[in-house]
Amino acid sequence: MSIYVDDVKFTPFWWEAAPLADEPRRALPKKADIVVVGSGYAGLCAALRLAESGVDVLVLEAEEPGRGASTRNGGAIGATLRYSLAVLIGKVGLSRALALYRGAVASREFVFDLTRRQGIDCGIVRCGRFYGAHKPGDLAGLQADLEQRAQHLGSEAIMVARKDQRAYIGSDAYFGGRFHPEDGHLHPGLYHRGLLAKVRSAGAAVIGKTRVCGVRPRPGGYLVETVHGTVAARQVIVATNAYTDRAFGWFRRRLIPIQSQIIATQELPAELLDEVIPNDYQIGDTCKLHNYYRRSPDRRRLLFGGRSGASQVNDFAKSGHSLHRRMTGIFPQLAETKVTHSWGGFIAFSFDHMPHIADKDGIHYIGGCCGSGVAMMSYLGDIAARKALGHAYDPTFEVPFKRQPFYTGDPWFMPAIIATLELRDRLRM
């Protein structure tokens, strides 16, 4: 029996409520104060700050605005970095680790504040997030990290014993976990659509289907070359992240694009959803190939995501089967549940697994959020705008990108890494 309904869609579930606009291509202006390349969360948050400050800002997007990761993700909002605070202290020392985590907290609060202040209706809620311990030993790591967070950051998170985890998740698949009441989620498509509307209302131009082919320095600024002409700009912000092409080779060589995929189930009985995820929590776990899942905003479906492949080809039929198998391994009660949507998008890892804002030849680059882009890309976009304006800004993530010798931006090595991590998850290694 197929896991898919007859009319399955291999496009994001989020596009049902927030379809991409098929906008006519607008003529390019001859010049702008600042050109922002990329219309995801980072690009739009940068443009919003700039436009509200009276800057003539132009946002250029290769596809329709929102086609990339900003309308493909799971919508989680947290103070999350790739390394735990406890591990990060060992890597970079207490002072630097605390600065990084305070920056992560600031990124989470930035999104809650921005949506409230701008009146963006995107279903944002501080629902709390439960992290399940995939292996017995993972619980000790979560505990050690929480002790550091509580001591230095005042975290409100609590540890959850295995015997108590059914209050957070209707499964015995985990060995306990940790609950963060400060975290939440939103509707990614509506968040992007709301940001886009606010940016345009503030006076910025956003032009889609206008791929940037290169940026050349000129006296007093830059020439931004596109498939439809050239724009003169005083400054340039590049916010293409995992969708960076060869036009920005320096940036591309410092990012590893990795596919993350999601499925949406058919509508489920309310009592079954209440059993699976009580209280509308966001859920994650400590798997090497991190699983993340939640109820849909209308509270009728389960949305289940993870990194189930590294191919550059969008084989969402195959990834959907992989995610369905993982989902039903955690929730056997969903074994007969079918899938209505299966999709994916690219996130970007940096080689040091840290978010970055960096300059090269005077151009501002944003990226490498390692799967925490809803909060962090929004926050870094605002920081890049503040920097371009000469305003005070948080410099925590303003560090050079690391580069791996001989890497050109094509992650040819990822299929083997993903396969190894998947095996380790299955064996709980």
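As shown above, the structure is provided for reference.
What comes next is a walk through the structure.

Each value, and the rule that gives it
- Note on numbering: residues in each chain are counted from 1, in written sequence order.
- For this predicted model, a pLDDT threshold of at least 70 governs which residues receive local features, and a threshold of 80 or more governs which side-chain atom pairs are given and counted, while totals over whole chains, interfaces and linings are taken from all residues.
- Hydrogens and water are ignored here; the side-chain numbers use all heavy atoms of the structure.
- Comment: elements are numbered from the N terminus, with helices defined as DSSP H or I runs of at least four residues and strands as E runs of at least two.
- Just to be clear, the radius of gyration here is over C-alpha atoms, and the globule rule we use is 2.2 Å times residues to the power 0.38.
- In what follows, residue pairs with any heavy atoms lying within 4.5 Å of each other are defined as contacts.
- Charge counting follows a simple rule: Lys and Arg are positive, Asp and Glu are negative, and His as well as the terminal groups are ignored.
- Charge positions come from single atoms, namely NZ of Lys, CZ of Arg, CG of Asp or CD of Glu.
- Here's how the labels work: a residue is buried when its accessible area is under 20% of the maximum for its type, exposed when over 50%, partly exposed in between, all with a 1.4 Å probe on protein chains only.
- When DSSP locates at least two bridges between a pair of strands, those strands are taken to pair.
- Between N-to-C directions, angles span 0 to 180 degrees; the directions come from axes that are lines fitted to C-alpha atoms, helices contributing only their stretch in contact.
- In this description, the term disulfide denotes a pair of cysteine sulfurs within 2.5 Å.
- A pocket, in this scheme, is an open set of points on a 1 Å grid over the protein atoms alone with protein on both sides within 12 Å along at least 5 of 7 lines, while a cavity is a set where a 1.4 Å probe fits but cannot get out; residues line either one if an atom lies within 4 Å of a point.
- Grid points are joined across faces, edges and corners, and a volume is the space filled by probe spheres set on the points.
- When a carboxyl oxygen of Asp or Glu lies within 4 Å of a side-chain nitrogen of Lys or Arg, that pair is called a salt bridge.
- Under the convention adopted here, Pro, Cys and the residues Ala, Val, Leu, Ile, Met, Phe, Trp and Tyr are nonpolar, Asp, Glu, Lys and Arg are charged, and Gly plus all remaining residues are polar.
- In protein, a polar contact means a hydrogen-donor-capable atom and an acceptor-capable atom, both N or O and within 3.5 Å, with residues adjacent in sequence counting only if both atoms are side-chain atoms; elsewhere, any N or O pair within 3.5 Å suffices.
- By nonpolar core is meant a set of buried Ala, Val, Leu, Ile, Met, Phe, Trp, Tyr and Cys residues that side-chain atoms within 4.5 Å join together.
- Should an angle fall under 35 degrees it is called roughly parallel, over 145 degrees roughly antiparallel, and 65 to 115 degrees roughly perpendicular, with every other angle called oblique.

**Looking at the overall build of the protein**
- Looking only at helices and strands, one finds 10 helices and 19 strands in the protein.
- For 429 residues, the compact-globule estimate of 2.2 N^0.38 gives 22 Å, and the protein sits close to it at 21 Å.
- With the principal axes as the frame, the protein shows a C-alpha extent of 65 × 55 × 45 Å.
- Across the protein, contacts joining residues at least 24 apart in sequence account for 74% of those joining residues at least 6 apart.
- Charged side chains in the protein number 54 positive and 42 negative. The centres of these two groups are separated by 5 Å.

**Notes on the pairing of strand β14 (residues 282–285)**
- The two faces of β14 match: Gln282 and Gly284 on one face and Ile283 and Asp285 on the other face are all buried.
- Relative to β14, strand β5 (residues 129–132) runs parallel, the two sharing 4 bridges. Following the sheet pairing, Arg129 is matched in β14 by Gln282.
- Sheet topology note: the β14/strand β15 (residues 291–295) ladder contains 2 bridges and is antiparallel. When the sheet's bridge partners are listed, Ile283 is paired in β15 with Tyr293.
- With antiparallel pairing between neighbouring strands as the criterion, β14 and β15 make up a hairpin whose turn holds 5 residues.

**Digging into the sheet that holds strand β6 (residues 158–160)**
- Sheet architecture is open: 9 strands sit in the order β1-β17-β13-β16-β15-β14-β5-β7-β6, paired in mixed fashion. Two strands in the sheet have a free side with no partner beyond their single neighbour: β1 (4–9) and β6. Each strand of the sheet is rotated relative to its neighbour by a mean of 25°, with strand direction disregarded.
- Of the pairings in the sheet, the one linking β1 to strand β17 (residues 339–349) comprises 2 bridges and is parallel in character. Within the sheet, the bridge partner assigned to Tyr4 lies in β17 and is Val339.
- Against the sheet, helix α8 (residues 316–330) makes contact with β1, β13 (256–265), β15, β16 (302–306) and β17, and its axis sits at roughly 65° relative to β13, the strand it touches most.

**Regarding the state of the cysteines**
- According to the stated counting rule, one finds 0 disulfides in the structure shown.
- Just so you know, Cys287 is unpaired, no disulfide at all, and the nearest cysteine sulfur is the one on Cys370, 18 Å from it.

**Examining the side chain of Ser378**
- Looking at the secondary structure, you find Ser378 in helix α9 (residues 373–389).
- Overall, Ser378 belongs to the buried group, its relative accessible area being 0%.
- Those residues in contact with Ser378 that lie beyond four places of it in its chain are Tyr41, Cys45, Phe110, Val111, Tyr191 and Gly373.

**Thoughts on empty space enclosed by the protein**
- All told, the structure shown has 1 cavity of 30 Å³ or more when counted by the stated rule.
- If you add up the space inside the largest cavity, you get close to 70 Å³.

**Quick notes on the pattern of salt bridges**
- Per the stated rule, a full pass over the model turns up 29 salt bridges.
- The residue Arg166 makes a salt bridge to Asp172 at a minimum N-O spacing of 3.2 Å.
- By relative accessible area, which is 41% here, Arg166 ends up partly exposed.
- Look at Asp172 and you get partly exposed, because its relative accessible area is 48%.

**A closer look at the environment of Val111**
- Here Val111 lies in helix α3 (residues 94–118).
- In sequence terms Val111 and Ser201 are 90 residues apart; their C-alpha atoms lie 19 Å from each other.
- Apart from the residues lying within four places of it in its own chain, the contact partners of Val111 are Ile77, Ile124, Leu186, Tyr191, Val374, Ala375 and Ser378.

**Some details on the layout of surface pockets**
- Of the voids in this model, the second largest pocket is the one considered here, and its volume is about 350 Å³.
- In terms of residue count, α8 provides more of the lining of the second largest pocket than any other element does, 4 residues in total.
- Here the lining of the second largest pocket is composed, by residue class, of 5 nonpolar, 3 polar and 7 charged.

**Let's talk about the side chain of His185**
- Mapped onto the elements of the fold, His185 is located in strand β8 (residues 184–185).
- Given a relative accessible area of 1%, His185 falls into the buried group.
- For His185, the side chain forms a polar contact with the side chain of Gln282, separated by 2.9 Å.
- Ignoring anything within four residues of it in the chain, the contact list for His185 reads Gly75, Ala76, Ile77, Gly123, Ile124, Val125, Cys127, Asp280, Tyr281, Gln282 and Arg294.

**Side note on the nonpolar core**
- In terms of nonpolar packing, the biggest core is built from 57 residues, with Leu81, Tyr191, Leu195 and Ile237 touching the most fellow members.
- Where this core is concerned, the elements lending two or more residues are β2 (31–37), α1 (41–52), β3 (57–60), α2 (85–92), α3, α5 (188–201) and α9.
- It is α9 that contributes the most residues to this core, 10 residues altogether.
- Sequence-distant contacts of Ile237, defined by excluding residues within four places in its chain, comprise Ile34, Val35, Val36, Val37, Ala46, Leu50, His364, Ile366, Ala384, Ala385 and Ala388.

**Section: the environment of Pro12**
- The residue Pro12 is located in the loop between β1 and β2 in this model.
- Put simply, Pro12 and Arg67 are 55 residues apart on the chain and 9.9 Å apart in space, counted from C-alpha to C-alpha.

**Quick notes on the packing of α2 against helix α4 (residues 136–152)**
- Packing of α2 against α4 leaves a shortest axis separation of 7 Å and a crossing angle of 75°. As far as their axial angle goes, α4 and α2 are roughly perpendicular. Across the interface between the two elements, Leu85, Ala86 and Ile89 of α2 pack against Ala144, Asp145, Gln148 and Arg149 of α4.

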